Amino acid sequence: MTKPVENRLHIAAFYHFGYVRPEDLESLGAAIENEGDRRDLRGLIIFAGEGINGTICGTSVKAVESFLTWVAEKLGFPELPRKWSESEAWPFRRFRVRVRPEIVTLGKPEVQPLPPKSQTHLSPEEWDRMMEEEDVLVLDTRNWYETRIGKFKNAIDPEIEEFHEFSDYLDKAELPKDKKIMIYCTGGIRCEKAVVEMNNHGFQNVYQLDGGILNYLAKFPNRKFDGECFVFDYRVAVNQELKPTKLYTLCPHCGQPADQPVNCLRCDIDVMVCVECVKTEKYQTCSKNCSNHYALAPGKKGRNQGPLPYLMAKEN
Ligand SMILES: [Zn+2]
Ligand SMILES: [Zn+2]
């Protein structure tokens, strides 16, 4: 008999593009943060004149649902579509709302998404079927450290460091403009802008995975997506069952997924660092502290750093 999971936490990723008056951003942001905090939720919300984007976590589905209803009413938005996953440990330390110029940073605030449920949005079922057609291209719109740990079969990896490099990628990449191109990201938000930007670059036949990888894996685990899906919180990644990864931790030096075991050159703790950092001697260490000390005095040993503090993944 499997042991029931107690104290399971429920995580919802959501976004909505909708207008918020610039003069209201700070006060609404503060009100949302207070309310989330008051309800004992944790998470990170990015808030901008173009809408809201976040991942939040609570001890019950109901707690998270009722907060999302409150937020939608507060902002005058329709119901916020959400993608669920679970964790036994809190994926965030507290509840924060950050006001930014864009809710997903393409670096071009003038690029605004098409209406929701436009013809370009594919459900997981439609996506799955289209992937079997001949002569389609699948293009990942995420960053290189995300694609490295998992992607759709045969997907093209643009090898970008941040999403705002996507436009430059389109200029340089010699992708055929007449072919059907299927694009995807983690939860669907980056593709909302990527599809418009691709249209602006002359691609007329672009489709996007509605709700992203998280939505797809909820329907089709172990099918056309290989590996794990990077997420921007303490879980680092989720597996095919949308459970927190058991393969990766966060690299203490750069915040990317780490799976290269090292024994800290200064304090002898066993940790994992990422494939890039492991190439540099001073990063074969357990922490920023040990790498700094090691760089100043290579070979000198230092005190064990003890349990490592939580690290935060870079935000997209
Ligand atoms: Zn690293
Ligand atoms: Zn160390």
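Quick caveat: nothing in here was measured; it's all calculated off a predicted structure. (Residues numbered from 1 in each chain as written. Chains lettered and ligands numbered in written order. Predicted model: local features only at pLDDT ≥ 70, side-chain atom pairs only at ≥ 80, totals over all residues. Heavy atoms only, no water.)

### Things to note about the domain arrangement of the protein chain
In terms of domain boundaries, the protein chain breaks down into domain 1 (9–99), domain 2 (121–230) and domain 3 (249–296). Between the C-alpha centres of domain 1 and domain 2 the distance comes to 25 Å. Taken residue by residue, the interface counts 6 residues in domain 1 and 8 residues in domain 2. Buried surface at the junction of domain 1 and domain 2, both sides included, amounts to about 620 Å², of which 67% is carbon and sulfur. On the domain 1 side of the contact with domain 2, Y15, F17 and K83 bury the most area, a combined 73% of that side's loss. (Domains from an automatic or database assignment. Contact = heavy atoms within 4.5 Å. Buried area = accessible area lost by both parts, 1.4 Å probe.)

### Some thoughts on the pairing of strand β2 (residues 42–48)
Most of β2 sits out of view: 6 of its 7 residues are buried. Inspection of the sheet shows β2 paired to strand β3 (residues 51–58) by 7 bridges, in the antiparallel sense. Paired with L44 across the strands is T55, a residue of β3. Hairpin connection of β2 to β3: 2 residues between the antiparallel strands. Relative to strand β5 (residues 95–99), β2 runs parallel, the two sharing 5 bridges. Note that in β5 the partner of I46 across the bridge is R98. (Buried < 20%, exposed > 50% of the residue type's maximum accessible area, 1.4 Å probe, protein only. Helix = DSSP H or I, 4+ residues; strand = E, 2+ residues; numbered from the N terminus. Pairing = 2+ DSSP bridges.)

### With respect to the coordination of the zinc ion (ligand 2)
Coordination of the zinc ion (ligand 2) by the protein involves C264 (SG), C267 (SG), C286 (SG) and C290 (SG), with metal-donor separations of 2.3 to 2.4 Å. Of note is the zinc ion (ligand 2), whose 4 donor atoms meet at the metal with angles of 106 to 117 degrees in an arrangement that counts as tetrahedral. Residue C286 is classed as buried on the basis of its relative accessible area, which comes to 1%. Here C290 falls in the buried class, since its relative accessible area comes to 0%. (Donors = N, O, S within 2.8 Å, 3.2 Å for Na, K, Ca; no water. Tetrahedral: all angles 85-135°; square planar, octahedral: opposite > 155°, others 65-115°.)

### What about the coordination of the zinc ion (ligand 1)?
Summarising the metal site, the zinc ion (ligand 1) is bound by the protein donors C251 (SG), C254 (SG), C274 (SG) and C277 (SG), whose distances to it range over 2.3 to 2.4 Å. Every donor counted, the 4 donor atoms about the zinc ion (ligand 1) form angles of 102 to 118 degrees at the centre, which fits tetrahedral coordination. Each donor residue of the zinc ion (ligand 1) belongs to the same chain, and together they define the spacing C-x2-C-x19-C-x2-C.

### Details of the pairing of strand β17 (residues 270–273)
Only one face of β17 is covered, namely the face carrying V271 and V273; the face carrying D270 and M272 is uncovered. Note: strand β16 (residues 260–263) against β17, 4 bridges, orientation antiparallel. Note that in β17 the partner of N263 across the bridge is D270. Two successive antiparallel strands, β16 and β17, enclose a turn made up of 6 residues, where D268 displays a positive phi of approximately 70 degrees.

### Structural notes on unusual backbone geometry
Within the chain, D135 stands out as a residue other than glycine whose phi angle is a positive 65 degrees. Locating D135 in the fold gives a position in the loop between α3 (124–130) and β7 (136–140). Its identity is not glycine, yet L242 carries a phi of approximately 65 degrees, on the positive side. Tracing the backbone shows L242 in the loop between β13 (237–238) and β14 (249–250). Residue L242 is classed as buried on the basis of its relative accessible area, which comes to 9%.

### Notes on the nonpolar core
Residues L139, F166, Y169, L175, I181, I183 and M198 are the most contacted members of the largest nonpolar core, which totals 27 residues. Elements represented by at least two residues in this core include exactly β1 (9–17), β7, α5 (166–172), β9 (180–184) and α6 (189–200). Sorting elements by how many residues they give to this core places α6 first, with 6 residues. Split by domain, the residues of this core number at least three in each of domain 1 (9–99) and domain 2 (121–230). Apart from residues lying up to four places away in sequence, L139 is in contact with I156, P158, F166, Y169, L175, I181, M182, I183, Y184 and M198. Ranked by size, the runner-up nonpolar core spans 23 residues in total, among them L122, M130, Y207 and L214. (Core = buried A, V, L, I, M, F, W, Y, C linked by side-chain atoms within 4.5 Å.)

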